[in-house]
Amino acid sequence: MKHKFIDMSDMEVVSRGQTWTHKYPPNSKKVAKYLECNESCVTWVCPRGGDVLDQIPCIQCGDAMHALSLRMMKGKVAYRSFCNPSFLPWVH
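Below: a short report on this structure. (Residues numbered from 1 in each chain as written. Predicted model: local features only at pLDDT ≥ 70, side-chain atom pairs only at ≥ 80, totals over all residues. Heavy atoms only, no water.)

Next up on the list: the environment of A67. Summarising the element assignment, A67 is placed in strand 4 (residues 64-67). Owing to a relative accessible area of 9%, A67 belongs among the buried residues under this scheme. For the pair A67 and F5, spaced 62 residues apart in sequence, the C-alpha separation works out to 6.0 Å. Contacts of A67, omitting those with residues within four sequence positions, involve K4, I6, N27, P57 and C58. (Helix = DSSP H or I, 4+ residues; strand = E, 2+ residues; numbered from the N terminus. Buried < 20%, exposed > 50% of the residue type's maximum accessible area, 1.4 Å probe, protein only. Contact = heavy atoms within 4.5 Å.)

The next point concerns the sheet that holds strand 1 (residues 11-15). Strand order in the open sheet formed by four strands is 1-2-3-4, and the pairing between neighbours is antiparallel. The open sheet terminates on both sides in strands that have one partner only, identified here as strand 1 and strand 4. For this sheet the average axis-to-axis angle between neighbouring strands, irrespective of direction, equals 45 degrees. Relative to strand 2 (residues 43-47), strand 1 runs antiparallel, the two being bridged by four bridges. From the neighbouring strand, S15 faces strand 2, where its bridge partner is W44. (Pairing = 2+ DSSP bridges. Axes fitted to C-alpha atoms, helices over the stretch in contact; angles between N-to-C directions.)

Our next topic: the side chain of Q60. With respect to the element layout, Q60 can be found in strand 3 (residues 56-61). Polar contacts involving the side chain of Q60 include one to the side chain of R16, which spans 2.9 Å. A polar side-chain atom of Q60 sits 3.0 Å from the main-chain carbonyl oxygen of G62. Sequence-distant contacts of Q60, that is, excluding residues within four places in its chain, are made with R16, T19, W20 and M65. (Polar contact = N/O pair within 3.5 Å; in protein donor to acceptor, adjacent residues only side chain to side chain.)

Have a look at this one:
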């Protein structure tokens, strides 16, 4: 499965989640149900100087940040596990 890594050189952490320590990668279909109901592992990052609409949800795996897949972000909104779905660009 292909992952989108986030370059953190020009980003700042807004809210840090737990580091991912599970056997399967965070964008694996095998862990989708676990992540839909668990926001504790989601870290919110934002480009330096950005605002709330620029925030990106991701998961830290070791030293790398993985962007959440669009499928996973939509699933989290559907299960209302994000604290504020207005952070997401398709919810207005």
